[in-house]
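Structural overview for review
Chain by chain, the residues run as shown.
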Amino acid sequence: MLNLLRDRRLSILWTVIRIWLGWQWLQAGLHKLADPKWMETGVALKGYWTKAVGTPGLIHYGWYKAFLNGLLNSGSHTWFAKFVAVGEFLTGVGLILGALTVVALVAGAFMNLNYMLAGTTSTNPVLYTLAIILLLAGSATYYYGVDRFLFNYLRRERKDTLNNPVPAHK
């Protein structure tokens, strides 16, 4: 099954999905970066967390509810909101360009997982599932992207370094 997913002939399909997924993250991040409730006060994230922990039955795991309560009680929304906004934006840029694709996919899947744990469904299950599928597709995901050229360059540099012995000091 993995061989089918990683087939180079599917690279164009994975690229289209990767760029669409990146666009979703980019839009979400840009929206937050332009909003003072995210970037200055963090009140938007505080409201999200407050609603999540205050709605009975919304969060199904006690440890996650305790985690969010801890973040609320410590006032972490002020810095964490900036972290979320910048993270969403960078995830989008990485996926669109195919740069640090695996890092962007893991970050996106992790954010989707946290949104789902907090009781938000929306598009998160679809975005999460696509991120996992793209991770399983391996290098076919970024065949048409910056990573392909970056990794080829790094392989050449490493090979050159290994082939050139370091002279001993006298």
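An account of the accompanying structure is given in this report.

Conventions used here
Residues numbered from 1 in each chain as written. Predicted model: local features only at pLDDT ≥ 70, side-chain atom pairs only at ≥ 80, totals over all residues. Heavy atoms only, no water. Helix = DSSP H or I, 4+ residues; strand = E, 2+ residues; numbered from the N terminus. Phe/Tyr/Trp six-rings, centres within 6.5 Å; stacked < 30°, edge-to-face > 60°. Lys NZ or Arg CZ within 6 Å of the ring centre and 35° of its normal. Salt bridge = Lys/Arg side-chain N within 4 Å of Asp/Glu carboxyl O. Buried < 20%, exposed > 50% of the residue type's maximum accessible area, 1.4 Å probe, protein only.

Another aspect to go through is the environment of Arg 18. Tracing the sequence through the fold places Arg 18 in helix H2 (residues 11-33). Considered as a pair, Arg 18 and Thr 91 are 73 residues apart in the sequence and their alpha carbons are 11 Å apart.

Tallied over the full model, the rule gives nine aromatic pairs. Every member of this aromatic cluster is reached through a ring pair, and the members are Trp 49, Trp 79, Phe 80 and Phe 83. Cation over ring: Lys 32 sits above Trp 38, and NZ or CZ is 5.0 Å from the ring centre. Looking at Arg 148, its charged tip hangs above the ring of Tyr 143, at a distance of 3.9 Å from the centre.

Our next topic: the pattern of salt bridges. Taken as a whole and judged by the stated rule, the model has two salt bridges. In this structure, Arg 9 and Asp 7 form a salt bridge, with 2.6 Å as the shortest nitrogen-oxygen distance. With relative accessibility at 71%, the residue Arg 9 sits in the exposed group. For Lys 32, the salt bridge goes to Glu 88, with nearest N and O atoms at 3.0 Å. Of this pair, Lys 32 sits in helix H2 while Glu 88 is found in helix H6 (residues 77-97), placing the two residues 56 residues apart along the sequence. The pair formed by Lys 32 and Glu 88 is uniform in burial state, with each residue classed as buried.

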